[in-house]
Amino acid sequence: MALDLKDKGNAALAAGNYDQAIEHYTQAIALDPKNHVLYSNRSAAYAKQGKYQNALEDAEKTLSIKPDWPKGYSRKGTALSFLGRKNDAVKAYEDGLKFDPSNQQLLDGLREVKQTQPSFGGNNMFPAEAFLKLAQDPRTKDLLNDQEFMSLLMECQKDPQKLIMNMQDPRISAALSVMMGINLMGDDEKMDTEPSPPPPKQKREPTPPPPEKAEDESLTEEQKEAKKEKDLGNEEYKKKNFEAALAHYNKAIELEPTNMTFYNNVAAVYFEQKEYKKCIEQCEKAVEVGRENRADFKLIAKAFSRIGNAYKKLEDYRSAKTYFQKSMSEHRTPEVKTIISELEKKIKEEDRKAYIDPVKAEEAKEKGNEYFNKGQFADAVKSYSEAILRNPDEPKYYSNRAACYTKLAAFDLGLKDCEKCVELDPKFLKGWIRKGKILQGMQQSSKALSAYQKALEIDSSNAEALEGYRSCSIAANSDPEEMRKRAMADPEVQDIIRDPAMRLILEQMQNDPKALSDHLKNPEIASKIQKLIESGLIAIR
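Residues numbered from 1 in each chain as written. Predicted model: local features only at pLDDT ≥ 70, side-chain atom pairs only at ≥ 80, totals over all residues. Heavy atoms only, no water.

- As recorded by an unreviewed UniProt entry, the chain carries the name Stress-induced-phosphoprotein 1 and is attributed to Melanaphis sacchari.

Okay, here's the thing in structure tokens:
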């Protein structure tokens, strides 16, 4: 089950559905918490979403499970780089290179982060490009697989004195010669040589013009006549005189019935006439004739693609996909691959719509309630998920599944369900309360406070909302330093703080409180100020 969920997560990540990918990876982790690949993949999804702190946490978890996995260091370096921790990112990439010195992903990451960092002092004398030179030079490429040598080189990079002490090591001399482009290996192994002079240009005799192409004498009279009929049909086809084109193509088939091109041409006419079933029949005949007569595989692929396009026009997307896949098996092209991806999306949407059944959704929900009451929360999640698939517009199903995720400590997934719940029904009281409780569990008191405020706007006397609001108010004011640290780890807050315009606005607000009302008229600025208030970084008095 975990592997199946991982594959679903990979597919969602490739398609750009990052929330869905994270959900699948999190469910897989709940089933297989020691699988380092799952944390690594979820780290990638978080990074794509811009949640770099979460990406960093997953990368570190990956390395805690498998400390010698280079990709874990790449994930960590990426997250640290986007969090602005450039020196730490460099160290992560370099730590990974100790295990796999020729890893292109690590080398590229190290190069990029160094390009954005103005200075690294004397502890990083070899840029990433230097390691690339080692990998590309035949004299030194094998050194990258020498663990002892790479450890020595890393030590020399950190301490230049060690480099001087090891200059007699022929491996160090060779590496420095390649990386720095200087000759440390003696006169018999010079790095630079004079290029050989170009050979003298020889006087070329003028090339005689190619002979005029003569008609292929190997064709029989019937084949020559068939070709003429085909050419006449092509002319009529271009003029959209389809009936005349059909007559010529059928005449060509009579003259040469073993040539599948003529059958393909007839199918093309039927396609233009919107006679899609006739087009399919003709293409199938073309494939049959082509296979019998060992036709070019590209012609057979073309016939299969035309069948696929005909089924696509008939909105039979499954059959269309089948024939485009047959086309790919004959001749792979990027265009057909793209069409198959589009068809898969259409099929998925058809399946989703066909699966909707509110009655069965209620049955799944009741089963989920039974599992929940028995404490079987993973089974309850499956039942509530089934209810959502059967009726995706019912908010209470998301609320119920969020309660299960909370019990399983999958707070991110629970929060996502709560947000979907209140998106579907902004007046759904339990959705706001549940969101507040999850945010409390995630120690985000200021955000939880906002959720409880929404609940109290709906029902000002609700005991759960009142108690949640009270406890969050106390927590938000009890440890302002801890609250500030958590807020500064939020990528969205970091972006706001780094924005020069926002810094100027905040300074104006501090010196002139009246400036606040003017800035709040701008919705974008108001939203950013509200985010800082919720984070506890600023207060309005």
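## Brief notes about the overall build of the chain
Part 1 of the argument: Tallying secondary structure elements over the chain gives 30 helices and zero strands in all.
Part 2 of the argument: Buried residues in the chain amount to 40% of all 541 residues.
Part 3 of the argument: Contacts in the chain between residues at least 24 apart in sequence constitute 50% of all its contacts with a sequence separation of at least 6.
Part 4 of the argument: Split by element, the accessible area of the chain, about 31500 Å² in all, is 50% carbon and sulfur. (Helix = DSSP H or I, 4+ residues; strand = E, 2+ residues; numbered from the N terminus. Buried < 20%, exposed > 50% of the residue type's maximum accessible area, 1.4 Å probe, protein only. Contact = heavy atoms within 4.5 Å. Areas by Shrake-Rupley, 256 points an atom, 1.4 Å probe, with all protein chains shown as cover.)

## What to know about the side chain of D417
Part 1 of the argument: Residue placement: D417 occurs in helix α22 (residues 411–424).
Part 2 of the argument: A polar side-chain atom of D417 sits 2.7 Å from a polar atom in the side chain of R401.
Part 3 of the argument: When near neighbours in sequence (up to four residues on either side) are disregarded, D417 contacts Y398, R401, A402 and Y405. (Polar contact = N/O pair within 3.5 Å; in protein donor to acceptor, adjacent residues only side chain to side chain.)

## Topic: the packing of helix α1 (residues 2–14) against helix α2 (residues 18–31)
Part 1 of the argument: Their axes nearest at 8 Å, the elements α1 and α2 cross at an angle of 165°. The orientation of α1 relative to α2 falls into the category roughly antiparallel. Read as a crossing pair, α1 and α2 show a hand that is left-handed. Mapping the contact onto sequence places A2, L5, K6, K8, G9, N10, A12 and L13 in α1 and Y18, Q20, A21, H24, Y25, Q27, A28 and L31 in α2.
Part 2 of the argument: Here the residues of the contact of α1 with α2 are counted per class, giving nine nonpolar, five polar and two charged. (Axes fitted to C-alpha atoms, helices over the stretch in contact; angles between N-to-C directions. Parallel < 35°, antiparallel > 145°, perpendicular 65-115°, else oblique. Left-handed = near helix turned anticlockwise from the far one by under 90°. Nonpolar A, V, L, I, M, F, W, Y, C, P; charged D, E, K, R; others polar.)

## Thoughts on helix α15 (residues 276–292)
Part 1 of the argument: Between the first and last C-alpha of α15 there are 24 Å, a value that for 17 residues agrees with the 24 Å anticipated at 1.5 Å per step.
Part 2 of the argument: Listing the buried residues of α15 in full gives Y276, C279, I280, Q282, C283, A286, V287, V289 and G290.
Part 3 of the argument: Following α15 by one or two positions, R294 adopts a phi angle in the positive range, close to 55°. (Expected span 1.5 Å × (residues − 1).)

## Here's the deal with unusual backbone geometry
Part 1 of the argument: Even without being a glycine, K274 presents a positive backbone phi close to 65°.
Part 2 of the argument: Along the chain, K274 falls in the loop between α14 (260–272) and α15.
Part 3 of the argument: The backbone phi angle of Q443 is positive, close to 60°, even though this residue is not glycine.
Part 4 of the argument: Summarising the element assignment, Q443 is placed in the loop between α23 (429–441) and α24 (445–458).

## Details of the UniProt feature "repeat: TPR" (unreviewed entry) in the chain
Part 1 of the argument: Per the UniProt record, "repeat: TPR" (unreviewed entry) is found at residues 2–35, 36–69, 70–103, 226–259, 260–293, 301–334, 361–394 and 429–462.
Part 2 of the argument: Across residues 2–35, the secondary structure splits into 79% helix and 0% strand, with the terminal C-alpha atoms separated by 9 Å.
Part 3 of the argument: The annotated region residues 226–259 carries 79% helix and 0% strand content, and the separation between its end C-alpha atoms amounts to 10 Å. (UniProt positions renumbered as here; feature names shortened; annotations may be inferred.)

## Quick word on the environment of N41
Part 1 of the argument: On the secondary structure map, N41 appears in helix α3 (residues 36–49).
Part 2 of the argument: When its relative accessible area of 11% is taken as the criterion, N41 is described as buried.
Part 3 of the argument: Taking the C-alpha atoms as reference points, N41 and K71, separated by 30 residues in sequence, lie 10.0 Å from one another.
Part 4 of the argument: At 3.0 Å, the side chain of N41 and the side chain of N10 are in polar contact.

## Overview of the packing of aromatic side chains
Part 1 of the argument: Under the defined criterion, the tally for this structure stands at six aromatic pairs.
Part 2 of the argument: Consider the rings of Y237 and F242, whose centres lie 5.7 Å apart with planes at 65°: the pair is edge-to-face.
Part 3 of the argument: Since its relative accessible area comes to 15%, F242 is described here as buried.
Part 4 of the argument: Aromatic side chains F271 and Y276 sit 5.4 Å apart centroid to centroid with 70° between the ring planes, which places their arrangement in the edge-to-face category.
Part 5 of the argument: Among the aromatic residues, those joined into a cluster by ring pairs are F304, Y311 and Y323.
Part 6 of the argument: Over the ring of Y355 we find R390, and its NZ or CZ is 3.6 Å from the ring centre. (Phe/Tyr/Trp six-rings, centres within 6.5 Å; stacked < 30°, edge-to-face > 60°. Lys NZ or Arg CZ within 6 Å of the ring centre and 35° of its normal.)

## Thoughts on the pattern of salt bridges
Part 1 of the argument: Summed over the entire model, instances satisfying the criterion amount to 27 salt bridges.
Part 2 of the argument: Here K437 and E464 are joined by a salt bridge, their closest N and O atoms 2.5 Å apart. Here K437 is found in helix α23, whereas its partner E464 is found in helix α25 (residues 463–478), with 27 residues between them in sequence.
Part 3 of the argument: The class for E464 is partly exposed, based on a relative accessible area of 43%.
Part 4 of the argument: Between R498 and D495 there is a salt bridge, and its shortest N-O distance comes to 3.9 Å. (Salt bridge = Lys/Arg side-chain N within 4 Å of Asp/Glu carboxyl O.)

## Re the packing of helix α13 (residues 242–255) against α14
Part 1 of the argument: Between α13 and α14, whose axes approach to 9 Å, the crossing angle comes to 160°. Compared by their axis directions, α13 and α14 come out roughly antiparallel. By crossing handedness, the relation of α13 to α14 is classed as left-handed. Touching F242, A245, L246, Y249, N250, A252 and I253 of α13 are F262, Y263, N265, V266, V269, Y270 and E272, all from α14.
Part 2 of the argument: Here the contact of α13 with α14 is composed, by residue class, of eleven nonpolar, two polar and one charged.

## Topic: the state of the cysteines
Disulfides are covalent bonds that connect the sulfur atoms of two cysteines.
Part 1 of the argument: Scanning the model with the defined rule gives zero disulfides in all.
Part 2 of the argument: Note on C421: no disulfide assigned, nearest cysteine sulfur contributed by C418 at a separation of 6.6 Å. (Disulfide = S-S within 2.5 Å.)

## Quick word on helix α18 (residues 334–355)
Part 1 of the argument: For α18, with 22 residues, the first-to-last C-alpha span of 32 Å sits near the 32 Å given by 1.5 Å per residue.
Part 2 of the argument: All of the buried residues in α18 are V336, I339, I340, L343 and I347. The buried side chains of α18 occupy one side of the element, clustering within an arc of 100° when seen end-on. Exposed side of α18, more than 90 degrees from the buried face: P334, K337, K345, K348 and K353 are the residues found there. (Arc of directions from axis to C-beta.)

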